[in-house]
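What follows is each chain in one-letter form.
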Amino acid sequence: MHATEAHFRCLADALPQFVCVVDETGRVSYGNPTWCEFMGIGVGSPFLASFLPALHPGDRPLWERTWEQAVASGEPYVLERRVRHATQSTYVRQLERGNPVRDGDGRIAEWILTAADADENGRLITQLRRSLAGKDRFLALLAHEMRGPLAPISSALQLLALHVNEPPVVRQSSTMMARQLAQLVRLVDDLVDLARSQNAQIPLKRGLLELETAVRAAVEAAEPIITSHGHHLTLVTPADTMIVDGDAGRLTQVFANLLVNAAKFTHNGGEIDVSIQREADWALVRVRDSGIGIPPDMLARVFDPYVQAGGGSAASGGGLGLGLALVRHLIELHGGTVNAYSDGPGKGSEFIVRLPSPRGPEYRAGCSANECSSVLLT
């Protein structure tokens, strides 16, 4: 026995899944202990004659057609079927995979068949979903409970701010605590919103609104962090008003989250460009920065919870990595899309939000041909 074959058999013998090898003569040349014990089929047995009687009568015709097509075409296959234990009358649902093995001349020398318990996979998936749901309920409860003590702390800090004659150390400490409290409130709000989004409980107060109004409100909300990093922000808007049907508060939250991410993941003194433009029946908001960029393999993941826009873990950016997950969910609730683009690390990133903005009588058409540019923050 060659070393490679011995290695394969040692590995297959240890697997809990079924493993069977059918040679070119149609006989079982190998079966791991799991296969042999369950099927009661030994090495050297004719495969079809031994295996077909164990198949559930309702699954046998489809399995035979699939096997014949695979043998004729030489293509691998995947099939779910029920098979009976050799010493019991009960059937087990399994997901079977068949893969051909070719010799040096390209001819099929044997077939390797594997099978795993499909019912067990379903149970594992159900358990995982229950675990994730339990985690979400815990986070929602935790966020709601944390909101309680935050309110009196905020009130106490506001009262301290009224006493202008307090010693400098008290004023400095109060300012620091107020700043950190605002960060904590934002994190708690993100947790609550994430829990609501995963349970489809985020209500929208929709109405016709000027998109530029929501964008400018977001710039105002993100101004402290943009200014603290010394960034230069430019806003480009269309000459005419662009109307969308949406929730003004939630859209402001979307654009503020994008601006905060741009500020956090751009080195001090960077550039942030925001533009509003029309593309057919869509209103586009682009947020581009000169920051650290996003690795190609992270572009598809930046909208997942607990993943940072900069491509690292949530802990690296001073947040929970929930902002972009909320952005995607809120934009989808508005019937829109959001996508991330980057040429790679160190080359900045761009997020493009698309919202429906039909050119109907209830909408005033926007104009992207005559745009005006304003430098808002330097």
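Up top is the structure these notes are about.
So, here is what we can say about the structure in this document. (Residues numbered from 1 in each chain as written. Predicted model: local features only at pLDDT ≥ 70, side-chain atom pairs only at ≥ 80, totals over all residues. Heavy atoms only, no water.)

Right, let's talk about the overall build of the chain for a bit. Check the secondary structure of the chain and you find nine helices and 13 strands. Scored against the burial criterion, the 378 residues of the chain give a buried share of 38%. Considering only residue pairs separated by 6 or more positions, the chain has 62% of its internal contacts joining residues 24 or more positions apart. A total accessible area of about 20100 Å² is found for the chain, and carbon and sulfur atoms account for 56% of it. (Helix = DSSP H or I, 4+ residues; strand = E, 2+ residues; numbered from the N terminus. Buried < 20%, exposed > 50% of the residue type's maximum accessible area, 1.4 Å probe, protein only. Contact = heavy atoms within 4.5 Å. Areas by Shrake-Rupley, 256 points an atom, 1.4 Å probe, with all protein chains shown as cover.)

A separate point is the pairing of strand E1 (residues 18-23). The buried fraction of E1 amounts to five of the six residues, a majority that puts the element mostly inside the structure. As paired elements, E1 and strand E5 (residues 108-117) share six bridges and run antiparallel to each other. Looking at E5, one finds that Phe 18 is bridged to Ala 115. Note: E1 against strand E2 (residues 28-31), three bridges, orientation antiparallel. Following the sheet pairing, Cys 20 is matched in E2 by Gly 31. Once E1 ends, the chain turns through four residues before running back antiparallel as E2, passing Gly 26 with a positive phi of about 90°. (Pairing = 2+ DSSP bridges.)

This brings us to the sheet that holds E5. Reading across the sheet, the five strands line up as E2-E1-E5-E4-E3 and stay open at both edges, with antiparallel pairing between neighbours. The open sheet has two edge strands with one neighbour each: E2 and strand E3 (77-84). Each strand axis lies, on average, 25° off the axis of its neighbour in the sheet, ignoring direction. Sheet strands in contact with helix H4 (residues 60-73) are E3, strand E4 (91-102) and E5, and its direction is about 140° off that of E3. (Axes fitted to C-alpha atoms, helices over the stretch in contact; angles between N-to-C directions.)

What follows deals with the side chain of His 231. By the element assignment, His 231 lies in the loop between helix H7 (211-228) and strand E7 (232-238). A distance of 3.0 Å separates a polar side-chain atom of His 231 from the backbone oxygen of Ala 263. (Polar contact = N/O pair within 3.5 Å; in protein donor to acceptor, adjacent residues only side chain to side chain.)

With that settled, consider the environment of Val 83. Relative to the helices and strands, Val 83 is located in strand E3. Overall, the relative accessible area of 0% leaves Val 83 in the buried class. Taking the C-alpha atoms as reference, Val 83 lies 4.5 Å from Leu 55; in sequence the two are 28 residues apart. If near-sequence neighbours (up to four positions away) are discounted, Val 83 is found in contact with Phe 38, Met 39, Phe 51, Ala 54, Thr 90, Tyr 91, Val 92 and Gln 94.

Note on soluble globular proteins: their nonpolar side chains tend to be buried together. By size, the foremost hydrophobic cluster in this structure holds 42 residues, and its most contacted members are Leu 211, Phe 255, Leu 258, Leu 259, Val 274 and Val 353. Ranked by residues supplied to this core, first place goes to helix H8 (residues 248-264) with nine residues. Core analysis: the next-biggest nonpolar cluster, separate from the first, contains 22 residues, Trp 35, Ile 41, Trp 67 and Trp 111 among them. (Core = buried A, V, L, I, M, F, W, Y, C linked by side-chain atoms within 4.5 Å.)

Between its first and last C-alpha, H7 extends 26 Å over 18 residues, near the 26 Å set by a 1.5 Å rise per residue. Following H7 by one or two positions, Gly 230 adopts a phi angle in the positive range, close to 70°. (Expected span 1.5 Å × (residues − 1).)

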